[in-house]
Structure formats: C-alpha cells, structure tokens
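Listed below are the residues making up each chain.
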Amino acid sequence: YLKMRVAKLNEHERTCLLMIDEIYVAKRIEYSGGEVLGLAADGTVATTLLCFMVKSLVSKYKDIVAMYPMSKLTAAKQFDCYKEVAKLLQNVLLNVVAISVDNATANRMFFCDFMCNGTLRSNVDDPVTGKPVYLIFDPVHDIKNVYNNFQSRKRFQCPPMISPHENLPNG
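Residues numbered from 1 in each chain as written. Predicted model: local features only at pLDDT ≥ 70, side-chain atom pairs only at ≥ 80, totals over all residues. Heavy atoms only, no water.

A. Looking closely at the side chain of S56. By secondary structure assignment, the location of S56 is in strand β4 (residues 48–56). Using a relative accessible area of 2% as the deciding quantity, one classes S56 as buried. A polar contact of 2.8 Å, which involves the side chain of S56, links it to the backbone oxygen of E13. At a separation of 3.1 Å, a polar atom in the side chain of S56 contacts the side chain of S59. In contact with S56, not counting residues within four places along its chain, are E13, T15, C16 and Y61. (Helix = DSSP H or I, 4+ residues; strand = E, 2+ residues; numbered from the N terminus. Buried < 20%, exposed > 50% of the residue type's maximum accessible area, 1.4 Å probe, protein only. Polar contact = N/O pair within 3.5 Å; in protein donor to acceptor, adjacent residues only side chain to side chain. Contact = heavy atoms within 4.5 Å.)

B. View of the pattern of salt bridges. On inspection of all chains with the given rule, the structure shows two salt bridges. The shortest N-O distance in the salt bridge between R5 and D63 comes to 3.1 Å. Here D63 lies in strand β5 (residues 62–70) and R5 lies in helix α1 (residues 2–7), a separation of 58 residues in the sequence. The class of R5 is partly exposed, set by a relative accessible area of 32%. Here K83 and D80 are joined by a salt bridge, their closest N and O atoms 3.6 Å apart. With K83 and D80 both in helix α2 (residues 75–91), this residue pair falls three residues apart, about one helical turn. (Salt bridge = Lys/Arg side-chain N within 4 Å of Asp/Glu carboxyl O.)

C. Structural view of α2. Taking 1.5 Å of rise per residue, 17 residues should cover 24 Å, and α2 covers 24 Å from first to last C-alpha, within 8% of that figure. Residues A75, Q78, F79, C81, Y82, V85, A86 and L89 constitute the buried set of α2. Projected down its long axis, α2 carries its buried residues within an arc of 165 degrees, all on one side. Buried residues in α2 make contact with α1, β1 (15–24), β4, β5, β6 (95–101) and α3 (105–115). (Expected span 1.5 Å × (residues − 1). Arc of directions from axis to C-beta.)

D. Quick look at the side chain of D126. Its location among the elements puts D126 in the loop between β7 (123–125) and β8 (132–137). Buried within the structure, D126 lacks any salt-bridge partner; its nearest side chain of opposite charge belongs to K131, at an N-O separation of 9.5 Å. Sequence-distant contacts of D126, defined by excluding residues within four places in its chain, comprise Y82, M115, K131 and V133. (Lys, Arg positive; Asp, Glu negative; His and termini not counted.)

See the structure below:
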C-alpha cells in the first residue's frame, strides 16, 4: 500500500516529517474476524497505540505508516518501533528530515537518550539512515500542556507588564 502511494509522488514531495504520537485506548480484548485484537506484542492488554505518521513538507500527502499496541510505553520500546519504521520509510523511498513528538516523558527520553546519546540537540544523524534529521517538540501539544496546567491550578497569576517605553532613555 505504502509503496503504491509513494510511487505517485515526485522526488521533492517525498521529503517528509515523521510525527510520533501515542493514543490511549480502552483496555479490552476483542475477537473479530478470526483475530484477537487489543493485545500488545508481549501478550498483555494494550492501553496505548504508538502511531507513526508521515506528512510531506511540500504537498498534501500524509499517511499513517505504523501503529504499535503497547501496555506500557517506554523510550526503549519507542526506539525499537522507530527503527522498524525508519527502515520501512527508507525502503519506500520517503526522506524523513524531521521527527515531531509531544512533550511526554517517554518522548523526551526517546530523543535525549536514544537519538542524541544523552545530550538533547536540535538535530542528529539518524541512527538508521545516517542522514541528518531535526528533532521537534510539537508546539500544538506544548501549548495544550501549558493550558491544561493552568486549568488544573484554577488560577493564573500574570506577572506585572512593563511598558516598552518606561525604561527607554529620553531623547
């Protein structure tokens, strides 16, 4: 499926952003169409889907490329999944130039401990492809986290604002 979709893109449309996000799901197992659904790879009941999505930087192309059911998301598990996805994207000739995650603990550890070898940086050489890749914390999720933090405290104390003209020398 992915090879057919990517084959319709020209070379510059294949330059993309890889977005990684976790989705919390109901903790249950279902039997459907001869398959047991809702189990993680280790046989436990999944509570999270780790999703990998690509978005072209210059066209409307976007796709979900992988979903991994998990019972407990860790940076190590995320890195293992990332390596599989990076190889898949390399095989279908998509060029990932940036990875975007929200500010969850596992994501920060994935970037810092596994992508940056202990020291967080804005770009690294991808451990799978060897190509440079930028590491981005998704600003929409960051703003949502700040908003939710203020909501949970039930009050916001704004620091005093100083006019830009107050501290300027006369003249």
